[in-house]
Amino acid sequence: MNYPEHLFYTQDHEWISFEQDHALIGITDFAQKELGDIVYVDIPSLDKIIAKEAIFGTVEAVKTVSDLFMPVNGKVIAINPLLETNPELVNQDPYGSWMIKVLVTSASDRESLLNAEQYQALIVSNPSSH
Amino acid sequence: MMKNTALAAIHQSLNAKMAPFAGYNMPIQYSGIIEEHKTVRNQVGIFDVSHMGEFFVKGPDALDLIQRITTNDASTLYIGQVQYSCMTNERGGIIDDLLVYRLDLEIYMLVVNASNIEKDWNWLVDNNHKNAELVDRSDELSLISVQGPYAVDTLQRLTSYQLNLIPYYHFRELMLNGIPGMIVSNTGYTGAGGFELYVPNHSAVALWKAIMTAGSSYHIQPIGLGARDTLRLEMGYCLYGNDIDDHATPLEAGLGWITKFNKVFNGKEVLQEQKMAGAKLKLVGIRMKERGIPRYGYRILNTDGEPIGAITSGTQSPTLKTGIALGYVAADAAATGTNVLVDIRGQLLSACVSKMPFVQSQIK
């Protein structure tokens, strides 16, 4: 499985990419594999300020449904329009398929996130249902 | 302890996603549920369903025992025929749903759900008041299911017997892939048509490989339990433990057509009363009108917002690209076309009671 070095990760299997004036958030390769075929990405949080670790949406796979958790405190400023019609992109390209674009409201949030190495260690130590 | 089927090494080599199911370590998916589902609808798929249980009932008292423990009329079966049936308890609740095979004049095979093997066996033994011979061969037999429009063409390459002479819900004991006397049954749980093959464990790996080779020109793929579930849901087939259990009766579950009151069986009186009074709950098909996937345990409400039942199993139909489900509702809301709401994690979304199957059966 693939965990790019430039991303940060959460224990709930989201990734976050810090860009110049915003951040992009999606789910990891591990998460999409665990979920299987994704059929809906449901994000009702556009223009809302969401607290770190609060739910910003849900992702529905054929077999199961899972909540999506905010890696940081932030305001949701965009939702990836491609996922409305092609949610399977998350399976095909989990790191290219961001779900939300966020204005991060607190810079210190970054400290509690996992880097690629730490996240990989988490997956190895807790392979969940595999 | 988790059991493995005889095909465990094959699943491992195919890099299947495995998960515990009814005490067995089973393949849930290989390439992905949607792709596997489409393979079965359009091409041909091969399933390992060796977790299913097989009991043999023999002797002059075999039919009498089967008649008493099941709701369908096994006396109508001729040799080579299969029947879908239910075992009911004294309250009319469903102990299991099963297939009854008549193998010979006084030999029957009962195929039961893996999760119920022990419970069913004990029930069989407890009800064996005369002296039918009972043999549990669940641990010796593998079950390979080959389903899809090219299932017959695939298997035909492995036998000289003309397979299209075996009608739906019939079987033959024949030579296939050099294995004599294999039970080859025109049944399945997909609505796509195909055969189920009962094979001794020691021949299962060779048979799987031969079928994969025979089906390669039809693009055969291995199919996991995930797609098995979406395939059976599109057909509206019940899954024991979800849609039916010890508390549901066949009449509530829409299985009145396999409940025959012209014979004596466990729970008959209760069911006869229920038939006269009318079942208060009915298992129906639910089809979403809005985007959302109905899942086990979600509440069903009428359009006034009053609870009338619950979903027992549901999914996104890969064929219809819509949420579909089975669920129990109050009898007065069970008519096809009735508008209902499903409580999908706090959102009340529109749905309606749908005719089943949701997707047209491909069985000829």
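Predicted model, so just to flag it, every value in this text is computed and none were measured. (Residues numbered from 1 in each chain as written. Chains lettered and ligands numbered in written order. Predicted model: local features only at pLDDT ≥ 70, side-chain atom pairs only at ≥ 80, totals over all residues.)

(A) Fine view of the overall build of chain A. When you go through chain A residue by residue, the secondary structure sums to four helices and nine strands. Start at the N end of chain A and walk to the C end: the helices and strands fall as β-β-β-α-β-β-β-β-β-α-α-β-α. For 130 residues, the compact-globule formula gives about 14 Å, and the C-alpha radius of gyration of chain A, at 14 Å, lands near that figure. In terms of its C-alpha atoms, chain A occupies a principal-axis envelope of roughly 35 × 35 × 20 Å. Counting over 130 residues, chain A shows a buried share of 39%. Restricting to contacts in chain A with at least 6 residues of sequence separation, those with at least 24 account for 61%. (Helix = DSSP H or I, 4+ residues; strand = E, 2+ residues; numbered from the N terminus. Rg over C-alpha atoms; globule rule 2.2 N^0.38 Å. Buried ≥ 20, exposed ≤ 12 C-beta atoms within 10 Å, placed from the backbone. Contact = placed C-beta atoms within 7 Å.)

(B) Inspection of unusual backbone geometry at higher detail. All names here are of chain B. Along the chain, M356 connects to P357 via a cis peptide bond; the corresponding omega equals 0 degrees. One can find P357 in the segment after β19 (347–354). One non-glycine residue, R345, lies in the positive phi region at around 50 degrees.

(C) Broad picture of the domain arrangement of chain B. Residue and element names in this part refer to chain B. We note that the domain assignment places domain 1 (8–52 + 139–234), domain 2 (53–136) and domain 3 (280–364) within chain B. Computed from C-alpha atoms alone, the centre-to-centre distance between domain 1 and domain 3 is 30 Å. Contacts between domain 1 and domain 3 engage 13 residues on the former and 13 residues on the latter. Among the secondary structure elements, those contributing two or more residues to the side of domain 1 that touches domain 3 are α2 (33–42) and α7 (225–235). Per-class residue counts for the side of domain 1 that touches domain 3 are five nonpolar, four polar and four charged. (Domains from an automatic or database assignment. Nonpolar A, V, L, I, M, F, W, Y, C, P; charged D, E, K, R; others polar.)

(D) Structural context of the interface of chain B and chain A. Between chain B and chain A, the contact holds 12 residues from the first and nine residues from the second. Every element with two or more residues in the side of chain B that touches chain A is listed here: α2, α7 and β16 (307–317) of chain B. The residue makeup of the side of chain B that touches chain A, split by class, is four nonpolar, six polar and two charged.

(E) Quick look at the sheet that holds strand β4 (residues 38–42) of chain A. Residues and elements named next belong to chain A. A sheet is described by the order of its strands in space; here three strands give the open sequence β4-β6-β7, paired in antiparallel fashion. Every interior strand has two partners, whereas the edge strands, β4 and β7 (65–69), have only one. Across the sheet, the mean angle separating the axes of adjacent strands is 20 degrees when strand polarity is ignored. (Pairing = 2+ DSSP bridges. Axes fitted to C-alpha atoms, helices over the stretch in contact; angles between N-to-C directions.)

(F) Quick peek at the pairing of strand β3 (residues 23–27) of chain A. All names here are of chain A. With respect to burial, β3 is a largely interior element, five of its five residues being buried. A two-sided burial pattern is seen for β3, the buried positions comprising A23, I25 and I27 on one face and L24 and G26 on the other. Where strand β2 (residues 14–18) and β3 come together, five bridges link them in antiparallel fashion. Within the sheet, the bridge partner assigned to E14 lies in β3 and is I27. Both β3 and strand β9 (residues 100–104) contribute to a ladder of three bridges, which runs antiparallel. Residue pairing across strands places A23 opposite V102, the latter belonging to β9.

(G) Just the packing of α2 of chain B against α7 of chain B, in detail. Residue and element names in this part refer to chain B. The contact between α2 and α7 brings their axes to 9 Å, and the two run at 60 degrees. Relative to α7, the element α2 lies oblique. Where α2 crosses over α7, the two elements pack in a sense that is right-handed. Each of I33, E36, H37 and V40 in α2 lies in contact with α7, whose residues at this interface are G226, A227, T230 and L231. Split by residue class, the contact of α2 with α7 holds four nonpolar, three polar and one charged. (Parallel < 35°, antiparallel > 145°, perpendicular 65-115°, else oblique. Left-handed = near helix turned anticlockwise from the far one by under 90°.)

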